[in-house]
Amino acid sequence: MNTPENRRRVDTSGRYSAPLLKALAVHLAIAILLFASFATAPSFEPARPIVQATLVQLDSMSPATTQTDQKIAGEAQRTAAQRHEAEELERRKQEQQQQEQKQKQQEAQRAAAEQAQKAQEQEQKAAEAAAADAAKAKSEAEAKAKAEAEAQRKAAEVAAAKKREEAERAAEAEAAKKRAEAEAARKKAEEEAKRKAQAEADAKRKAAEAAEAKKRAEADAARKAQEDAKAKALADLLADETQYQQAQADRPGDQVAASYDDVIRRYVSEQWRRPPTARNGMVVEVQLSMLPTGQITDVVVTRSSGDPGFDQSAVQAVRNVGRIPEMQTLSRDNPAAFDRMYRQRLLRFKPEDLAF
């Protein structure tokens, strides 16, 4: 298959084969040059012996013979020297040729070595490039694998988060449903309890209203009878106002107090309403405070009857009087008597009547 991995392998093998062929060709050329240099090396002739002539002078020879021999010897020396010089030149020439040949061989060897080094460097570079490409490919593959793994991890995290959110929403919806059901049940129970309590309260209220109505009817009847009795008593007491005032003027001390007590009793009797709980034999004492103008400023219970309703009815009756105008006359005519007897005065209430 023509996949990226196969193409990468083909390219890498191509990069490796080209430098290898070049290196083989260089080594082959170096071997051929070395063989040719050894085959074409010159063969040197064996060195000829150098003849040195020595002139020996013999005493038995004649001077002419001696001169001739010397001349011959000199020529021989010159000839030998020339031949020796020629040989020396030839030898030096051969040595120079050998040295040049050797230098050429060395240069060829150096060139071959440089070429081989270059080829080796190219091979090394090619190997390094291949290694770099392989490392790069490996790094890219690792990066790709890492990216794929990271993408998979993120996708798994997103899926897990989505799953958790769905589970949380489902749990919250279930909890909300349960809360709503519990709230509905609670409200239903409360409404049922309220209806039941309301029904019981209505029944109790109706029973209490009936009892209260009966008590009110009884109290109204008793109050009416008592008021009728009080009205009759007050009518009898105040039948002759002229005689009452004259008697009040003629009476000193206690008689004056008794007359003003009757006035206070009259005012309070008009304001008092007999409570339903009042029974004969009950007695409550209250103390009122009064100004010289007859204005009642305070009322307190000094001795209770034991029935809060009856006690409160007495206190409320005195408060409802508010002011007794007749007391202003007493405070003007006899301030000492007013301060002594009516600045603060005790009243005693009985269900059957009022008494001081």
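Basis of the calculations
- Residues numbered from 1 in each chain as written.
- Predicted model: local features only at pLDDT ≥ 70, side-chain atom pairs only at ≥ 80, totals over all residues.
- Heavy atoms only, no water.
- UniProt positions renumbered as here; feature names shortened; annotations may be inferred.
- Patch = residues over 30% accessible without salt bridge, like charges linked within 9 Å, V, L, I, M, F, W, Y side chains within 5 Å.
- Areas by Shrake-Rupley, 256 points an atom, 1.4 Å probe, with all protein chains shown as cover.
- Salt bridge = Lys/Arg side-chain N within 4 Å of Asp/Glu carboxyl O.
- Helix = DSSP H or I, 4+ residues; strand = E, 2+ residues; numbered from the N terminus.
- Buried < 20%, exposed > 50% of the residue type's maximum accessible area, 1.4 Å probe, protein only.
- Arc of directions from axis to C-beta.
- pLDDT = per-residue confidence, 0-100.
- Contact = heavy atoms within 4.5 Å.
- Pairing = 2+ DSSP bridges.

An unreviewed UniProt entry lists the protein chain under the name Cell envelope integrity protein TolA, with Halopseudomonas sabulinigri as the source organism. Under the Subcellular location (unreviewed entry) heading, UniProt states for the protein chain: "Membrane".

**Student:** What is the right way to read a nonpolar patch on the surface from this model?
**Tutor:** Together, Leu 20, Leu 21 and Leu 24 make up an exposed nonpolar region whose accessible area comes to about 320 Å². In this fold, Leu 20 is placed in helix α1 (residues 4–39).

**Student:** Mind showing me how you'd approach helix α6 (residues 326–333) here?
**Tutor:** Because the α-helix completes a turn every 3.6 residues, residues three or four places apart line up on one side. Within α6 the residues assigned to the buried category are Met 327, Leu 330 and Ser 331. Along the axis of α6, the buried residues cluster in a sector spanning 95 degrees; they form a single face. Looking at α6, the residues exposed on the side facing more than 90 degrees away from the buried face are Arg 332 and Asp 333.

**Student:** So what exactly am I meant to see when it comes to the confidence of the model for the protein chain here?
**Tutor:** Reading predicted coordinates in detail is not appropriate for stretches of low pLDDT. With 73% of its residues at a pLDDT of 70 or more, the protein chain shows a mean pLDDT of 77. Confidence scores differ between elements of the protein chain, with helix α3 (residues 241–250) showing the lowest mean pLDDT of 42 and strand β2 (residues 296–303) the highest of 92. Every residue in residues 49–60 is under pLDDT 50, and counting partners more than four places away or in other chains gives 10 contacts. Note on residues 233–253: pLDDT is under 50 here. Beyond four places in sequence and across chains, it has 14 contacts.

**Student:** It is not clear to me how the pairing of strand β1 (residues 284–290) should be interpreted in this structure. Could you clarify?
**Tutor:** A regular strand places its side chains so that they alternate between the two faces of the sheet. Summarising burial for β1: 5 of the 7 residues are buried, a large majority. Pairing of β1 with strand β3 (residues 344–349), which is carried by 6 bridges, proceeds in the antiparallel orientation. The partner of Leu 288 across the bridge, within β3, is Arg 345. Note: β1 against β2, 6 bridges, orientation antiparallel.

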